[in-house]
Amino acid sequence: MWRLYQYTLCPFSRKVRFACAVKGVTVELVDEFPWDRRDGFAALNPAGQTPVLQNSSVTLVDSAAICDYLEETIERTPLLGAGPEERAESRRLIAWFDQKFYGEVTAPLLSERMYKRLFTREAPDAAAIRSAARNAEAHLDYLDFLLDRRRWLSGPAFGLADIAAVAQVSVADYLGAIEWDGHDPARTWYSAIKSRPTFRPLLQERMEGLPPPSHYDKLDF
Ligand SMILES: N[C@@H](CCC(=O)N[C@@H](CS)C(=O)NCC(=O)O)C(=O)O
């Protein structure tokens, strides 16, 4: 049995959870908040970051390495694309969402809206939140641009680029930074993913003391 060390609003944990569900891998969730700096967790991952996926014989660290492992070890439902070009495009977009979207949108939102509210009790920095929301708007424009040309983000088939993207977008949406009006292609894409039974459980979870906006888990939003 696999155990996933994660917390509800960690986008990289969401990416791994969704990839596992799509691949048909059952995981037991273990709540781990990295800022607690628990000794036992540092022994699993010296970087002290979620997610970590572990079973009785292997400990896997880093969402990209974990998703690569799933792709290499489970043949069913290939998620990177049909040929070298599609796979390169998938990897480009995975890096885009893991690094650029996370750095410009999700990380500042988590810091201002989650960490300060729940842990340090500091007032959020309104300018940082406004800047993250502006960046989110630019990223939605880019999603619209891609989805005007393709069925899914990296090509004709649903895959890891969609999983990496929706992991970040859903956390930003939970934290109230996504304005969907004017983004019909991105909204249609997100609605299609929200309706998947493999994604629904993620939408049902809540971070205690931090409720999402009312539209968050609705298919029609
Ligand atoms: N490259 C890593 C990034 C993981 C990451 O940044 N996790 C955050 C939580 S969402 C974390 O553990 N932050 C605490 C820290 O960096 O000390 C991955 O893809 O798994």
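Here the structure is a predicted model, which is why all the values come from computation and not from measurement.

A short note on the UniProt feature "domain: GST C-terminal" (unreviewed entry) in the protein
Thinking step 1. Summarizing the sequence annotation, UniProt attributes the feature "domain: GST C-terminal" (unreviewed entry) to residues 83–213 in the numbering used throughout.
Thinking step 2. Segment residues 83–213 splits into 69% helix and 0% strand. End C-alpha atoms: 40 Å apart.

Some remarks on the pairing of strand 2 (residues 27–31)
Thinking step 1. As paired elements, strand 1 (residues 2–6) and strand 2 share five bridges and run parallel to each other. Looking at the pairing, tyrosine 5 lines up with valine 30 of strand 2.
Thinking step 2. Handedness of the β-α-β unit built from strand 1, helix 1 (residues 11–23) and strand 2 comes out right-handed.

Remarks on the site of the ligand
Thinking step 1. Neighbouring the ligand are 13 residues, the closest being Cys10, Gln49, Thr50, Asp62 and Ser63.
Thinking step 2. One of the side-chain nitrogen or oxygen atoms of arginine 37 is found 3.1 Å away from an oxygen atom of the ligand.
Thinking step 3. Between the ligand and the protein, one listed contact pairs an oxygen atom with a side-chain N or O atom of glutamine 49 at 2.8 Å.
Thinking step 4. Taken by itself the ligand offers 510 Å² of open surface, and the protein chains cover 83% of this.
Thinking step 5. According to the grid-proximity analysis, the pocket containing the ligand is the largest pocket.
Thinking step 6. Partitioning the shell around the ligand into residue classes produces eight nonpolar, three polar and two charged.

Considerations on the side chain of histidine 183
Thinking step 1. Summarising the element assignment, histidine 183 is placed in the loop between helix 6 (160–174) and helix 7 (184–194).
Thinking step 2. Beyond its immediate sequence surroundings of up to four residues, histidine 183 is in contact with Glu137, Leu140, Asp141 and Asp144.

Each value, and the rule that gives it
Residues numbered from 1 in each chain as written. Predicted model: local features only at pLDDT ≥ 70, side-chain atom pairs only at ≥ 80, totals over all residues. Heavy atoms only, no water. UniProt positions renumbered as here; feature names shortened; annotations may be inferred. Helix = DSSP H or I, 4+ residues; strand = E, 2+ residues; numbered from the N terminus. Pairing = 2+ DSSP bridges. Right-handed = clockwise from strand over helix to strand, strands pointing away. Near = heavy atom within 4 Å. Polar contact = N/O pair within 3.5 Å; in protein donor to acceptor, adjacent residues only side chain to side chain. Areas by Shrake-Rupley, 256 points an atom, 1.4 Å probe, with all protein chains shown as cover. 1 Å grid on protein atoms, 1.4 Å probe; cavity = no way out; pocket = protein on both sides within 12 Å on 5 of 7 lines; lining within 4 Å. Sits in = over half its atoms within 2 Å of the grid points. Nonpolar A, V, L, I, M, F, W, Y, C, P; charged D, E, K, R; others polar. Contact = heavy atoms within 4.5 Å.

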